[in-house]
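# Topology and contacts: notes
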Amino acid sequence: MSTNEAKKKVEDDEEEKKKGGELLFCGSTCWEAVGRRKGVLEGNLVSPTRLRPLVGVDIRFVASGCVSCHCVALDVEGRCYTWGRQLGHGDTIQRDRPTIVSELLKYKIIKAGAGRSHTVVVTEDGNSLAFGWNKHGQLGSGSTRNEIESSPVRCLVSQVTNTACGAEFTVWLSATEGASILTAGLPQYGQLGHGTDNEYNAKDSSVRLVYESQPRPRAIATLSGETIVKVACGTNHTVAVDMNGYVFTWGFGGYGRLGHREQKDEWVPRRIEVFQKHNVLPPNAVVSAGSVNSACTAGGGQLYMWGKLKNTGDDWMYPKPLMDLSGWNLRCMDSGNMFHFVGADSSCISWGHAQYGELGYGPTGQKSSAIPRKVDILEGMHVISVACGMGHSMVIVDRTNVGDRLDQLEIYDGKGSDEGTAVSDTKTSVLKQNNKNGASKTPTSSKKRKKAKDESETEEENSDVESDSSGGHINGEVSGKGRGKGAKKTASVGKGKGRGQGNVRANKSSQSSQGKTSKRGRLRKV
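Residue numbers restart at each chain and count upward from 1, following the sequence in its written direction. Totals for whole chains, interfaces and linings use every residue, but because this is a predicted model, local features are given only for residues with pLDDT of at least 70 and side-chain atom pairs only at 80 or more, for both listing and counting. Calculation of side-chain values draws on the structure's entire complement of heavy atoms; hydrogens and water are dropped beforehand.

Within an unreviewed UniProt entry, the label attached to the protein chain reads Protein RCC2, and the organism entered is Gossypium arboreum.

## Considering the overall build of the protein chain
In plain terms, the rule: Helix and strand assignments come from DSSP, with helices taken as H or I runs of at least 4 residues and strands as E runs of at least 2, each series counted from the N terminus. When checking whether two residues touch, look at their non-hydrogen atoms; a contact exists if any pair is within 4.5 Å. Accessible surface area values rest on a Shrake-Rupley calculation with a 1.4 Å probe, where residue burial reflects the displayed protein chains alone.
In terms of regular secondary structure, the protein chain is built from four helices and 36 strands. Long-range contacts, defined as pairs at least 24 residues apart, comprise 59% of the intrachain contacts of the protein chain with a sequence gap of at least 6. About 20,700 Å² of surface is accessible on the protein chain, with carbon and sulfur atoms providing 45% of the total.

## Details of the pattern of salt bridges
Cut-off, in case you're wondering: When a carboxyl oxygen of Asp or Glu lies within 4 Å of a side-chain nitrogen of Lys or Arg, that pair is called a salt bridge. Remark: exposure states derive from per-residue accessible area (1.4 Å probe, protein chains only) relative to the maximum for the residue type, with buried under 20%, exposed over 50%, and partly exposed in between.
Going through the model one piece at a time under the given rule, you end up with 15 salt bridges. Here Asp398 and Lys19 are joined by a salt bridge, their closest N and O atoms 3.3 Å apart. With Asp398 in the loop between strand 30 (392-397) and strand 31 (411-412) and Lys19 in helix 1 (residues 3-19), this residue pair connects regions lying 379 residues apart in the sequence. Residue Asp398 is classed as buried on the basis of its relative accessible area of 8%. You can call Lys19 partly exposed: its relative accessible area is 44%. Note that Glu22 is salt-bridged to Arg399, the shortest N-O span being 2.8 Å. Of this pair, Glu22 sits in strand 1 (residues 22-27) while Arg399 sits in the loop between strand 30 and strand 31, and the two are 377 residues apart along the sequence.

## Some details on the packing of aromatic side chains
Inclusion rule: Stacked, tilted and edge-to-face are the three classes applied to pairs of Phe, Tyr and Trp rings, where Trp contributes its six-membered ring and a pair requires centres within 6.5 Å; stacked means planes under 30 degrees apart, edge-to-face means over 60, and tilted covers the rest. In this scheme, the term charge over a ring applies when either NZ of a lysine or CZ of an arginine sits within 6 Å of the ring centre and within 35 degrees of the ring normal.
Taken as a whole and assessed by the stated rule, the structure comprises four aromatic pairs. Here the aromatic rings of Phe275 and Tyr304 are separated by 5.3 Å at their centres, their planes lie at 85°, and the arrangement is edge-to-face. Separated by 29 residues along the polypeptide, Phe275 in the loop between strand 20 (266-271) and strand 21 (287-289) and Tyr304 in strand 23 (residues 303-307) bring together distant segments of the chain. This pair shows no difference in class: Phe275 is buried, exactly as Tyr304 is. Aromatic ring contacts, followed pair by pair, group Phe275, Tyr304 and Trp306 into a single cluster. It is Arg261 that lies over the ring of Tyr318; its NZ or CZ is 4.0 Å from the centre. Above the plane of the ring of Tyr246 lies Arg271, whose end atom (NZ or CZ) is 4.1 Å from the centre.

## Structural notes on the side chain of Ser151
Heads up, the condition is: We define a polar contact as two N or O atoms separated by no more than 3.5 Å, with the added condition that, inside protein, one atom must be a possible hydrogen donor and the other a possible acceptor, whereas residues neighbouring each other in sequence contribute only through side-chain atom pairs.
Topologically, Ser151 is positioned in strand 10 (residues 148-154). Only 3.1 Å separates the side chain of Ser151 from the side chain of Glu103, close enough to count as a polar contact. Apart from the residues within four sequence positions on either side, Ser151 is in contact with Gly88, Gly90, Glu103, Ala130 and Phe131.

## Topic: the state of the cysteines
Heads up, the rule is: Here, two cysteine sulfur atoms that lie within 2.5 Å of each other are counted as a disulfide.
Using the criterion set out here, one finds zero disulfides in the structure. This cysteine, Cys388, is not joined by any disulfide, and Cys26 carries the nearest cysteine sulfur, 8.4 Å off.

## Details of unusual backbone geometry
Unusually for a residue other than glycine, Gln159 sits at a positive phi of about 50°. Residue Gln159 is classed as partly exposed on the basis of its relative accessible area, which comes to 44%.

## Observations regarding the sheet that holds strand 8 (residues 118-123)
For the record, the criterion: Pairing between two strands is assigned when DSSP locates at least 2 bridges connecting them. Note on geometry: axes are lines fitted to C-alpha atoms, helical ones only across the stretch in contact, with angles between N-to-C directions running from 0 to 180 degrees.
Strands sit in the order 7-8-9-10 across an open sheet of four strands; the sheet is antiparallel. If you trace the sheet from one side to the other, it starts and ends with strand 7 (109-114) and strand 10, each paired once. Averaged over all pairs of adjacent strands, the angle between their axes in this sheet comes to 15°, without regard to strand direction.

## With respect to the side chain of His118
When you line up the elements, His118 lands in strand 8. There is a polar contact of 2.9 Å between the side chain of His118 and the side chain of Thr170.

## Overview of the pairing of strand 2 (residues 45-51)
Within strand 2, six of the seven residues are buried, which leaves it mostly tucked inside the rest of the structure. The sheet contact formed by strand 1 and strand 2 spans three bridges and is antiparallel. From the neighbouring strand, Gly27 faces strand 2, where its bridge partner is Leu45. The sheet contact formed by strand 2 and strand 31 spans two bridges and is parallel. Across the sheet, Leu51 pairs through a bridge with Tyr412, a residue of strand 31.

## Thoughts on the nonpolar core
Here is the rule we go by: Buried Ala, Val, Leu, Ile, Met, Phe, Trp, Tyr and Cys residues that are joined via side-chain atoms within 4.5 Å together make up what is termed a nonpolar core.
By size, the foremost hydrophobic cluster in this structure holds 34 residues, and its most contacted members are Leu303, Phe341 and Trp351. Broken down by secondary-structure element, the contributors of at least two residues to this core are strand 1, strand 23, strand 25 (330-335), strand 26 (339-344), strand 27 (347-352), strand 29 (383-388) and strand 30. It is strand 26 that contributes the most residues to this core, four residues altogether. One finds Cys71, Tyr81, Trp83 and Ala387 within the second-largest nonpolar core, a separate group that totals 22 residues.

## Structural notes on the environment of Pro152
Mapped onto the secondary structure, Pro152 falls in strand 10. When its relative accessible area of 14% is taken as the criterion, Pro152 is described as buried. Between the C-alpha atoms of Pro152 and His89, which are 63 residues apart in sequence, the distance is 8.3 Å. Residues contacting Pro152, with those up to four places away along its chain left out, are Gly88, Val101, Glu103, Leu104, Leu129, Ala130 and Phe131.

Below is the structure:
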């Protein structure tokens, strides 16, 4: 595809998003229990399901971070809906139903990002607002008050074009010359890109380490000569693409998620060697970051991935093509906590380790999949956008040419805002957890453990990689130790052979009437 064709495709995609579509949700709706070993899990939506408040509403954008227990949706009018936890409604009520953030009605919201417990939005006039937990200054308001901002506050940035959130940090893209990318929040692994992790000893006589937060958004100096046009954040790492198609990564290096053939943390942006010369990213490239992995599409639309892709097997220390999706026209992709969703051609494809039905395979389909598989119930539908969170996923589908198929999907009512669960104790629980095992301190140790990061893997790694085998989780943070010896293996599946679209498999138990299936169960294009 030529550069002009790629640019035209970008424009077409933007026009498509402007008209919006129907939002479908799958995964857990039991927000307080997601990621925890104990607790009753109820209301898992194992098939793509319509949400009552959004039925018929034209949604153009969805956001939910890889360790987020909340969701954000923007409609074509620029209204912002949130549900889950830390929602910006002026209280700490957990909501099961998408609810408009009334304080944002005076703005037209065009972009949004979601972290572990915070949300950042971008307005049409280039301003940014945020709400949620702000212990590490991740809201970019200049404050590090150790409390929840229950209503939107102004971020100290201007001319903002986009945003993305990690667990406890935020990245903004700006049209300001020489400052196209800014960051704020927790710098523990260098994920802010400023050449330091701001680590120091709590006292001269103490080996306890703390990290000085950065509450004011600051431009990344080493990228001052570049114009960053795309960005995605994992739990503690960042992937960015400049206007020339070069890919930069920085932050936590464990499992090879930075793509530099080593597991070293990078405190400043470092360019990935694979995406240079004749393999730079085109203007319509898709970029995604999961909790412990990264992905992007490069020349010819080929999907490359790197990092820890599944609970078993070797990690990919540098970008490698995912041959199962060769030949597919990928329009959108997002990664959650060890699972992935893709919108390609007239199909929706998902794979990875799942616990709550977030892959959307249905009640008779398998729970997890080591290889990409079509979501049968959505076969033949045009996917506009996808987003993945902690135990859930969202898909926006175009209503054009779907007939009455949407009417055949289940509709989830949830609880009204007056029935919502108060989560005022969440902050207390989170603070207690962080005082014990939190990101602002290293676990109790008799000496400084800088070189032991990748061996012991902090609580972030335990919860991200195998959340079903860890100890108690609070807001995605884990109190257990180790890497989870009792982790369940993903469902047994056959090995994909060859290349091209034939490698994406259908669920054996629920074939879609829209797709065509060969004798071997492999899907072809409709």
